[in-house]
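# A structural walkthrough
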Amino acid sequence: WPFPAYPNGWFQIGYSDELEDRGVQPLEVFGRDLVLFRDAEGTVRVLDAHCRHLGAHLGHGGTVDEGGIRCPFHGWLWNGDGVCTDIPYAAKIPKGAQIGSWSVTERNGLLYLWHHAEGKPPDREVPEIEEVQSADWTAFTKLRWKVQSRMYDMGENAVDHVHFKYLHGASGAPTLEQRVSEDGTASNFSEMEMTTPKGPVPGSIESRGFGPGLGMVRVKGIVDTIILNNSTPIDEETVDVRFSYMQRKTEDPRTERIGQAMLRDLKKQMEQDIVVFEHKRYWKQPLLVAEDGPIGEYRRRARKFYSGDFSSLDDGAEEGGADGSSGAE
């Protein structure tokens, strides 16, 4: 890929209900080994995984103690900021006994980690989704995939409205209207027909990005649905994709069955996308037509979330064919 693997922003690393009190979990993101834990006060923390003493991984056998995490190997205690505060058998703590700490926040029933390639602190907050706390909406239906791709390439899907007909079997390519808010985040609005057992039903999809790793999709039709679609790089070739589905509650069994059918169809669509993501090639200068949608605009806007160069294709091959011809964005 001729672009960096790791964008800057907030990224989902888990769910609140899956990290118990004083819970400890190993975490692998951005090509790094980290440890995720909930300290004695209930605050979520993330540190670099390996103890600076003799390198034990704190996520495998580490225990929460006195507001920090204690190494399973020799008992060194590291607080939530990564500073060593206790060595149970030593009279003095070595100077500079510290490991890296990461900014974390807990919101919408999810756990989020801040990553910036240049080490800059968070410059925005994770938005609150009101429906998550509403009794009118269901709890999350959670789905997860590990995709062999990179986020910058996968993100084009949000503006590629034509593929809904040819890949997902929609009755026609939906309309697409793109809006950009004052904070620079983009929203895509589409009107489309949705497949049901009794035939197509008019509906709409609104997708909004809150940075490169966080997205929300609102599907309106027979059953209103919200999808928190979040992606986090594991390493340079793998992306951890989590979809969290919610639907407006109903007392009508028929409507509930249709809602469940919608979720199955949305899952199938994602899995159809994954087959393409994992086998496609990224063209720096694709051959585009006017009806393709704002793919070039997406690429230009998405670059602001990355540190590093967008270089030429690594193998030096000519794009387009043996004669070297290619199309501009």
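Structural data are supplied above this passage.
This section reports on the structure supplied with the text. (Residues numbered from 1 in each chain as written. Predicted model: local features only at pLDDT ≥ 70, side-chain atom pairs only at ≥ 80, totals over all residues. Heavy atoms only, no water.)

## Examining the overall build of the chain
Broken down by element type, the chain carries 4 helices and 18 strands. By the burial criterion, 47% of the 329 residues in the chain qualify as buried. Of the accessible surface of the chain, which amounts to about 17000 Å², a share of 47% is contributed by carbon and sulfur atoms. (Helix = DSSP H or I, 4+ residues; strand = E, 2+ residues; numbered from the N terminus. Buried < 20%, exposed > 50% of the residue type's maximum accessible area, 1.4 Å probe, protein only. Areas by Shrake-Rupley, 256 points an atom, 1.4 Å probe, with all protein chains shown as cover.)

## Re the sheet that holds strand β4 (residues 44–48)
Within the open sheet, the 4 strands sit side by side as β2-β3-β4-β9. Their pairing is antiparallel. Whereas interior strands pair on both sides, the edge strands pair on one side only; in this sheet they are β2 (24–29) and β9 (101–102). Here 5 bridges tie strand β3 (residues 32–38) to β4, and the two strands are oriented antiparallel to one another. Bridging from a neighbouring strand, Phe37 pairs with Arg45 of β4. (Pairing = 2+ DSSP bridges.)

## Concerning helix α3 (residues 253–277)
Look at α3: 36 Å from first C-alpha to last across 25 residues, which is about the 36 Å you get at 1.5 Å a residue. Among all positions of α3, only Thr255, Ile258, Gly259, Met262, Leu263, Leu266, Gln269, Met270, Asp273, Ile274 and Phe277 are buried. At the N-terminal end of α3, a side-chain oxygen is found 3.1 Å from the backbone nitrogen of Arg254, two or three residues along, and the residue is Asp252. (Expected span 1.5 Å × (residues − 1). Polar contact = N/O pair within 3.5 Å; in protein donor to acceptor, adjacent residues only side chain to side chain.)

## Topic: helix α4 (residues 295–302)
When you tally the buried positions in α4, you get 6 out of 8 residues, the bulk of the element. Those residues of α4 not exposed but buried are Ile295, Gly296, Tyr298, Arg299, Arg301 and Ala302.

## Thoughts on the pattern of salt bridges
Pairing is possible between side chains that carry opposite charge, provided their charged atoms lie close to one another. Across all of its chains, the model carries 21 salt bridges by this definition. Between Asp123 and Arg124 there is a salt bridge whose closest N-O contact spans 3.2 Å. Of the charged contacts, one joins Arg300 and Glu297 as a salt bridge, the two residues approaching to 3.7 Å between their closest N and O atoms. In this pair, Arg300 and Glu297 both sit in helix α4, 3 residues apart, roughly one turn of the helix. Glu297 sits in the partly exposed class, given a relative accessible area of 31%. Linked through salt bridges whose partners overlap, the residues forming this network are Asp65, Glu66, Arg70 and Asp86. (Salt bridge = Lys/Arg side-chain N within 4 Å of Asp/Glu carboxyl O.)

## Some words on the side chain of His163
Along the chain, His163 turns up in helix α2 (residues 163–166). Given the relative accessible area of 10%, His163 is considered buried. A polar contact of 3.2 Å, which involves the side chain of His163, links it to the side chain of His168.

## Focus on the packing of aromatic side chains
Using the criterion set out here, one finds 15 aromatic pairs in the structure. Consider the rings of Phe11 and Phe30, whose centres lie 5.1 Å apart with planes at 75°: the pair is edge-to-face. Here Phe11, found in strand β1 (residues 9–15), pairs with Phe30, found in the loop between β2 and β3; they are 19 residues apart in sequence, far enough to count as distant. Phe11 gets classed as buried once you look at its relative accessible area, which sits at 0%. Its relative accessible area of 4% is what places Phe30 among the buried residues. Ring plane angle 85° and centroid distance 5.8 Å describe the contact between Tyr306 and Phe310, whose orientation is recorded as edge-to-face. (Phe/Tyr/Trp six-rings, centres within 6.5 Å; stacked < 30°, edge-to-face > 60°.)

## Observations regarding the pairing of β2
In this structure, β2 lies alongside β3, joined through 6 bridges in antiparallel fashion. Bridged to Val24 within β3 is Phe37. The turn joining β2 and β3, which pair antiparallel and follow one another in sequence, is formed by 2 residues; a positive phi near 55° is taken by Phe30.

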